[in-house]
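# A structural walkthrough
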Amino acid sequence: MPSAAEMEQRFVAVLVSLQRGEVVSYGDVAEVAGYPRRSRAVGRLLSASPVDVPWWRVVRSDGRLATTPWSEQAALLRSEGVLVRGDRVVASPLGRFRREAAVDG
DNA sequence: CAATTGACGGGTG
DNA sequence: GCACCCGCCAATT
């Protein structure tokens, strides 16, 4: 059984692999890292932000940004070409881990 | 050790 | 959209 540190290390590996304009959900990061249903652990890692990772490319599974209306996240995403309306990501491919686009005007 | 707390996710009405 | 509900799991109290 991998330790919690190992798990977080895997999370980081996935996070740093995200490309510019690529958006994924917390659950996606956990699953791709090999730890399904560890979405909360991903959020906890980012809340601690112990490492240099593109945290702004991680949103909720429904496309909403972080719990609080962090204007910075929206700004960073827009700077990468991601369409953001209010606290929601729209017309985003949600990275290479999500096929659905939930495209809406 | 029990309860609470989150940058979560899905379901129901 | 809103209000609740439950499951989940590491850290904190």
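Predicted model only: the values in this text are computed from it and were never measured. (Residues numbered from 1 in each chain as written. Chains lettered and ligands numbered in written order. Predicted model: local features only at pLDDT ≥ 70, side-chain atom pairs only at ≥ 80, totals over all residues. Heavy atoms only, no water.)

One pass over the full model with this rule turns up three salt bridges. Arg-44 is the partner of Glu-8 in a salt bridge, and the nearest nitrogen-oxygen pair spans 2.0 Å. Here the residue Glu-8 occupies a position in helix H1 (residues 4-17), and Arg-44 occupies one in helix H3 (residues 39-48), the gap between them amounting to 36 residues. For Arg-64, the salt bridge goes to Asp-62, with nearest N and O atoms at 2.9 Å. According to the relative accessible area criterion, Arg-64 is partly exposed, its value standing at 36%. Residue Asp-62 is classed as partly exposed on the basis of its relative accessible area of 29%. (Salt bridge = Lys/Arg side-chain N within 4 Å of Asp/Glu carboxyl O. Helix = DSSP H or I, 4+ residues; strand = E, 2+ residues; numbered from the N terminus. Buried < 20%, exposed > 50% of the residue type's maximum accessible area, 1.4 Å probe, protein only.)

Bringing the protein's contact with DNA strand C into the picture now. Around DNA strand C lies a shell formed by Met-7, Arg-38, Arg-40 and Arg-44. Side-chain polar atom of Arg-38 to a phosphate oxygen of DNA strand C: 3.0 Å apart, as the coordinates give it. Between a base nitrogen of DNA strand C and a side-chain N or O atom of Arg-40, the distance comes to 3.4 Å. Class assignment of the residues belonging to the surface near DNA strand C gives a composition of one nonpolar, no polar and three charged. (Near = heavy atom within 4 Å. Polar contact = N/O pair within 3.5 Å; in protein donor to acceptor, adjacent residues only side chain to side chain. Nonpolar A, V, L, I, M, F, W, Y, C, P; charged D, E, K, R; others polar.)

What helix H2 (residues 26-33) keeps buried is the set Tyr-26, Asp-28, Val-29, Ala-30 and Ala-33. In this structure, the buried residues of H2 make contact with H1, strand E1 (24-25), H3 and strand E2 (58-59). Phi turns positive one or two residues past the end of H2, at Gly-34, with a value near 100°. (Contact = heavy atoms within 4.5 Å.)

Attention now goes to the protein's contact with DNA strand B. If you check the shell around DNA strand B, you find 14 residues, and the closest are Arg-40, Ser-47, Arg-60, Ser-61 and Thr-67. By atom count, sugar and phosphate contribute 44% of the portion of DNA strand B lying within 4 Å of the protein. The contact in question runs from a base nitrogen of DNA strand B to an N or O atom on the side chain of Tyr-26, over 3.3 Å. Within the contact set of DNA strand B, a phosphate oxygen lies 2.8 Å away from a side-chain nitrogen or oxygen of Ser-61. Class assignment of the residues belonging to the surface near DNA strand B gives a composition of four nonpolar, eight polar and two charged.

Looking at where Leu-76 falls in the secondary structure, it is placed in helix H4 (residues 71-79). The spatial distance from the C-alpha of Leu-76 to the C-alpha of Arg-57 is 8.5 Å, given a sequence separation of 19 residues. With near-sequence residues (within four places) excluded, Leu-76 lies in contact with Trp-55 and Trp-56.

Turning our attention to the confidence of the model for chain A. When pLDDT is averaged along chain A, the result is 82, and 81% of the positions lie at 70 or above. Residue range residues 99-105 is modelled with pLDDT below 50. Its contacts to residues more than four positions away, or to other chains, number 11 contacts. (pLDDT = per-residue confidence, 0-100.)

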